[in-house]
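Remarks on the overall topology
Listed here are the chains, written in short residue letters.
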Amino acid sequence: MENAGQAMNIVFTCDENFAPFLATTIVSILLNSSPADSFNFYVIDSGLSAESKDKINTLQKYKPFKIKYIEYDTRAINDFPLSAGYSLAAYLKFFMPDLIPEADRLLYLDVDLIVTASLAELYNTPLDGHIIGAVQQTE
């Protein structure tokens, strides 16, 4: 395993509309993690309120974690095409390497999922020299 023992760097993109979903996803990660798991959460923020950030920070009662909110001015991507299921916040994942240069590995997760087991195996999956790994969505 490439990064065993290190904190997992997990990235989300979120605006105020999805703050409750973000909180739910983080709680599911914390409650279903192994005792050895530790987390650095990065939230590429396109409009989270201070109140939402405060509520998310209270989730430390479940398990300690670090969290960094990275503000991103979406005016730079205002001309990107939008649809009912694809907001400007959804494009922000493409800027992760530039916004979080201190991390050597990042795991991007959508904010609308429930994690039911430790993410360590997924996070530590060898990439065999590739710069990105992806999972195809199945329905």
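Scroll up a little and you will see the structure.
Residues numbered from 1 in each chain as written. Predicted model: local features only at pLDDT ≥ 70, side-chain atom pairs only at ≥ 80, totals over all residues. Heavy atoms only, no water.

Remarks on the nonpolar core
As a reminder of what qualifies: For our purposes a nonpolar core is just a set of buried Ala, Val, Leu, Ile, Met, Phe, Trp, Tyr and Cys residues, chained together by side-chain atoms within 4.5 Å. Only protein chains enter the calculation, and the probe is 1.4 Å; a residue is then buried if its accessible area is under 20% of its type maximum, exposed if over 50%, and partly exposed in between. Working definition: helices are DSSP H or I runs of at least four residues, strands are E runs of at least two. Numbering for both runs from the N terminus. Two residues form a contact once any of their heavy atoms are found within 4.5 Å.
Counting residues in each nonpolar core, the largest one holds 25 residues, and the members touching the most others are Ile10, Phe12, Leu22, Ile29 and Phe41. Where this core is concerned, the elements lending two or more residues are strand S1 (8–14), helix H1 (19–31), strand S2 (39–45) and helix H5 (120–123). The element contributing the most residues to this core is H1, with six residues. Residues contacting Phe41, with those up to four places away along its chain left out, are Ile10, Phe12, Ile26, Ile29, Leu30, Phe65, Lys66, Ile67 and Lys68. In terms of nonpolar packing, the next biggest core, distinct from the first, is built from 13 residues, Ile70, Ile77, Leu99 and Ala103 among them.

Quick look at unusual backbone geometry
Positive phi outside glycine occurs at Asp128, with the angle close to 50°. A relative accessible area of 65% places Asp128 in the exposed class.

Topic: the pairing of S1
Definition in use: The pairing criterion is simple: DSSP has to find at least two bridges between the two strands.
Burial analysis of S1 places seven of its seven residues in the buried class, which makes it a mostly covered element. Because side chains alternate across S1, one face comprises the buried residues Met8, Ile10, Phe12 and Cys14, and the other comprises Asn9, Val11 and Thr13, equally buried. Two elements, S1 and S2, share seven bridges in a ladder whose sense is parallel. Bridge pairing in S2 links Met8 to Phe39. Of the pairings in the sheet, the one linking S1 to strand S4 (residues 107–108) comprises two bridges and is parallel in character. Bridging across to S4, Ile10 finds its partner in Leu107.

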